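# Coordinate inspection notes
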Number of protein chains: 2
Amino acid sequence: MPTLVSPFLDDLSAAVGRVATDEATCAAYSRDNAHVVDPQVPHAVVFAESVEDVQATLRIANMHRVPVIARGAGTGVSGAAHAVKGCIVLSLERMNRILAIRVEDEVAVVEPGVVNADLNAAVEPYGLMYAPDPASFRQATIGGNVATNAGGLRCAKYGVTRDSVLALEVVLADGRLIRVGRDTFKGVAGYDLTGLFVGSEGTLGIVVSATVRLRYLSPELRSVAAVFPDIATAAAGVMAIARARVQPAIMELLDSGTMEVIDAIHGSNLRARGGALLLVRLDGHGARIEEALVRQALAGLGAQMGPEDDGEAELLIEMRRSSRGDGQDDAYRVGEDVAVPRSRMVPYMHTLERIAERQRVRLRIVAHAGDGNLHPTFWLDPREGEAGLGRLDAALDESVRAALDAGGTITGEHGVGQYKLRWLGWEQQPEVRELQHQIKAVFDPNGILNPEKAI
Amino acid sequence: MPTLVSPFLDDLSAAVGRVATDEATCAAYSRDNAHVVDPQVPHAVVFAESVEDVQATLRIANMHRVPVIARGAGTGVSGAAHAVKGCIVLSLERMNRILAIRVEDEVAVVEPGVVNADLNAAVEPYGLMYAPDPASFRQATIGGNVATNAGGLRCAKYGVTRDSVLALEVVLADGRLIRVGRDTFKGVAGYDLTGLFVGSEGTLGIVVSATVRLRYLSPELRSVAAVFPDIATAAAGVMAIARARVQPAIMELLDSGTMEVIDAIHGSNLRARGGALLLVRLDGHGARIEEALVRQALAGLGAQMGPEDDGEAELLIEMRRSSRGDGQDDAYRVGEDVAVPRSRMVPYMHTLERIAERQRVRLRIVAHAGDGNLHPTFWLDPREGEAGLGRLDAALDESVRAALDAGGTITGEHGVGQYKLRWLGWEQQPEVRELQHQIKAVFDPNGILNPEKAI
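The structure presented is a predicted model; accordingly, all values stated were derived computationally and were not measured.

## Remarks on helix α11 (residues 287–299) of chain A
Residues and elements named next belong to chain A. An ideal rise of 1.5 Å per residue puts 18 Å on 13 residues; α11 measures up with 18 Å between its terminal C-alpha atoms. Turning to α11, its buried residues are Ala 287, Glu 290, Glu 291, Val 294, Arg 295, Ala 297 and Leu 298. Down the axis of α11, the smallest arc covering the buried residues is 165 degrees, so these residues share one side. Buried residues in α11 make contact with β12 (221–228), α8 (231–243), β14 (276–283) and β15 (304–305).

Pasting the structure below:
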């Protein structure tokens, strides 16, 4: 470790007991689940156990001008938690207490390190749920969900993380503690600082507690799995459900390549049955009525559906969570999470096919079809070797550009992090980017909080 | 008009054709529907008809350091559109075109002067609705709704204005035009500037177009009107509906005083039937099932309900929109829109009764019970004369303080404007207020946009 940082580490260790500087820990906490653009290792990892730990860490880091990367479970896929040069990592995973569950108010108060699934398990006995459910919900923390404004499968109906966060306690860059938002469902006093912190990827302050709104756990769930000959017909099914004025809790669209991945992992025979799969979950007291409407709408398009309540659809929804290429060599696939207006989904998917052909790479697509949020994956057989990697990257760039051309965004739910900064200027005009940097300077004048990320 | 401002007005009139400086127009545009704290008359009213008009107005005002108060229909009740010393008023009411309705994408793009009800009428043929519905929806503009983050009756289920706004075009204080947000349902690129503008009451920029999400117009509406002996039992009914895991589209709670007002206006006999009224509207495909659950839950508490589908409940919901004291002398009533956690509604209503007793003023309450958002009104017989006005104000202050003590907020949906600035420091710590002023300085370094409002 450079001697330069020693006075800082001395101050830090004196103020916060749980500071690791060993090579193994620093390496393990150097990155999240995204591709690494600029490999760095932190000088230390602080394991905060209290608000005071976070305050002391930021106060000292700010004094010494040392960058601080806050981190939950490290399940992010955009590099927001990647280490940067000369930084420390501030792990919030030990601040994992559920501070309150107020059943009648339908809210919970949690520390940032509470795992999404653990909160859901804790409120389930009361017939409640915490709605945002990113695919990583069994590992991901609420703090990380807040930092990235995480989405998930259920957000077509229940909204993204922002829609479930009522109030936040935040430690500012200089160590001061503030509270923003309110404990009530509604409130409009002053600017929406809560919304500003949600999705800011640890660049404006460190969330040390969140008051979240809970939703009703549905008394009834009905799911439909519909196999279509091709993706265009399946997408027509999405529109037919909308025309039936049904708002599904989950509506996932899987192409043939994704069906093959599921078949390979689970030994199923989806691909043999058709070329696209639409998974729809209905909830609420009207779930049965809505199921009938959905079946009617999809049958009219020639969908193959199993009998009601055969359990297959629920099983497939669980399988879909593992559909993004587990078991395949990470180095040979690139994936994104663009979103486009719903009417543009089919033309956009055709554009993706053309891009894959032109770049001679393979393609598969899953989409949160209710939101127009697509996760295309371009991939290559690893036997092609590194020569193909440039084509993967080119396909990815073209796919992002095409999403913008279709009136979309570069990121529907994963966040910009470090990895997507290269595209942000394609989406946002210079004035808008400059305003964000000026806002960052208000909150973090010395630029110590997750620098060069998110904006 | 002071000669001081003449060079400014000359510049302005040269750039924007529709500038009124006559006394009658300036007086008519000097205030919104709130009490006037500091009476002022603008130097001029600009009637913008295009984005360019707004840009020119701000460019010139910024150059001359003249405050600009943006204004929609002037239906606000917090004084956000009140004139301030030396200002001009920028009316957006003529920018009232619906620019696009994208049925398959379920979005509309509107100019700020589009009236809420007009947008709803335009999308209704497609089976869609714009969900936020403040009581003033027949006059209020979408621009004003955005400026105040307006709520309404339906927001228990469908969220407030923020939840329906996807993207905004905004003219900054120096006249530059930016676009924030995106045309897709989901998107997390960069900070949530859209959320920052929504509810900022014209202090950060002037919205010149909004892309809003539309929701499904329900194929079925079922409503229940339940009369209870007292407000505490009616509030228990709210909790019983929650325990039945039913999320009503509308759930309004009216006390005996409000029932008397409705009786006086409409010749009904509500007050004779009981001491509190709960109005519940169910929608969606499960509306009938939910109606049965609601009736069962409320019957268990001794509620009197008419037969199904007798139309009375829907009629009463319409009457409720006119329940805040029309026909009574405005000078002798004060009303607020605090919100408290739902479990605190009944204790808070008892506190309000004690405050009214202590201050010897009359009280009535309506509440958006689904949100814990209460509109208590304190009032006096005008024959008491001005001597009573101090007691009204004291009761109001005490009621706001009590809402905060109950874990609530000073404003659930009306906004801070000018009128509620006196309470904002009760709710927000100095650091939080300072951050908001610094954010304002980023967007409006010369402080010309609606100064001394909102924050």
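So that's the structure; there's more coming.
## Examining the sheet that holds β14 of chain A
Residues and elements named next belong to chain A. Within the open sheet, the seven strands sit side by side as β15-β12-β14-β13-β17-β18-β16. Their pairing is antiparallel. Two strands close off the open sheet at either side, each with one partner strand: β15 and β16 (333–335). In this structure, strand β13 (residues 250–255) lies alongside β14, joined through six bridges in antiparallel fashion. Across the sheet, Asp 255 pairs through a bridge with Ala 276, a residue of β14.

## Quick word on the relation of the copies chain A and chain B
Between the two chain copies there is a screw-like relation: a rotation about an axis and a shift along it. Laying chain A over chain B is done by rotating through 180 degrees and shifting 0.0 Å along the axis; what remains is an RMSD of 0.0 Å. In short, the pair behaves as if placed about a two-fold rotation axis. When each C-alpha of chain A is compared by its distance to the rotation axis, Gly 286 of chain A comes out closest, at 1.8 Å. Of the interface residues in chain A, 100% have counterparts in chain B that sit at the interface too, so the contact is made through matching surfaces.

## Some details on the UniProt feature "domain: FAD-binding PCMH-type" (unreviewed entry) in chain A
Here, UniProt's "domain: FAD-binding PCMH-type" (unreviewed entry) annotation points to residues 38–217 of chain A. This span, residues 38–217 of chain A, is 21% helix and 24% strand, and a straight line between its end C-alpha atoms measures 43 Å.

## Details of helix α3 (residues 51–64) of chain A
All names here are of chain A. The first and last C-alpha atoms of α3 sit 20 Å apart over 14 residues, in line with the 20 Å expected at 1.5 Å per residue. Among the 14 residues that make up α3, ten are buried, leaving the element largely enclosed by the rest of the structure. Two residues or fewer past α3, Arg 65 is found with a positive phi of approximately 60 degrees.

## Section: the packing of aromatic side chains
One pass over the structure, following the stated rule, counts six aromatic pairs over all chains. Considering the side-chain rings of Tyr 419 of chain A and Trp 423 of chain A, the 6.0 Å spacing of their centres and the 85 degrees angle between planes classify their relative orientation as edge-to-face. One exposure class covers both Tyr 419 of chain A and Trp 423 of chain A, and it is buried. Their ring planes at 90 degrees and their centres at 5.3 Å tell us that Tyr 29 of chain B and Phe 47 of chain B sit as a pair that is edge-to-face. In this pair, Tyr 29 of chain B sits in the loop between α2 (23–28) and β2 (44–47) while Phe 47 of chain B sits in strand β2, placing the two residues 18 residues apart along the sequence. The ring of Trp 426 of chain B carries the charged tip of Arg 401 of chain B above its face, separated from the ring centre by 4.1 Å. The ring of Tyr 419 of chain B has Arg 422 of chain B lying over it, and the distance from NZ or CZ to the ring centre is 5.4 Å.

## Regarding the environment of Pro 134 of chain A
Residues and elements named next belong to chain A. Position of Pro 134 relative to the elements: it lies in the loop between β7 (128–129) and α5 (142–148). Between the alpha carbons of Pro 134 and Cys 155 there is a distance of 9.3 Å; along the sequence they are 21 residues apart. Ignoring anything within four residues of it in the chain, the contact list for Pro 134 reads Asn 116, Asn 145, Ala 150, Gly 151, Gly 152 and Arg 321.

## Describing the state of the cysteines
All names here are of chain A. Within this structure, the stated rule accounts for zero disulfides over all chains. Distance from the sulfur of Cys 26, which forms no disulfide, to the nearest cysteine sulfur (Cys 87) is 8.9 Å. By relative accessible area, which is 3% here, Cys 26 ends up buried.

## Considering the interface of chain A and chain B
Contact residues are listed per partner, giving 85 residues for chain A and 85 residues for chain B. Both sides of the chain A and chain B interface together cover about 6600 Å² of buried area, and 59% of this is carbon and sulfur. Three residues stand out in chain A for area buried against chain B, namely Lys 186, Tyr 191 and Arg 245 of chain A, and they jointly supply 15% of the buried area on that side. Our count for the contact surface shared by chain A and chain B stands at eight salt bridges. Note that Lys 186 of chain B and Glu 413 of chain A form a salt bridge whose closest N and O atoms lie 2.8 Å from each other. Here chain A is connected to chain B by 34 residue pairs in polar contact (both at pLDDT 80 or more). Taken together, the elements giving at least two residues each to the side of chain A that touches chain B come down to α6 (155–158), β9 (177–181), α7 (193–197), α8, α11, α15 (421–427) and α16 (430–443) of chain A.

Cut-offs used in this document
Residues numbered from 1 in each chain as written. Chains lettered and ligands numbered in written order. Predicted model: local features only at pLDDT ≥ 70, side-chain atom pairs only at ≥ 80, totals over all residues. Heavy atoms only, no water. Helix = DSSP H or I, 4+ residues; strand = E, 2+ residues; numbered from the N terminus. Expected span 1.5 Å × (residues − 1). Buried < 20%, exposed > 50% of the residue type's maximum accessible area, 1.4 Å probe, protein only. Arc of directions from axis to C-beta. Contact = heavy atoms within 4.5 Å. Pairing = 2+ DSSP bridges. Least-squares fit on C-alpha atoms with pLDDT ≥ 70 in both. UniProt positions renumbered as here; feature names shortened; annotations may be inferred. Phe/Tyr/Trp six-rings, centres within 6.5 Å; stacked < 30°, edge-to-face > 60°. Lys NZ or Arg CZ within 6 Å of the ring centre and 35° of its normal. Disulfide = S-S within 2.5 Å. Buried area = accessible area lost by both parts, 1.4 Å probe. Salt bridge = Lys/Arg side-chain N within 4 Å of Asp/Glu carboxyl O. Polar contact = N/O pair within 3.5 Å; in protein donor to acceptor, adjacent residues only side chain to side chain.

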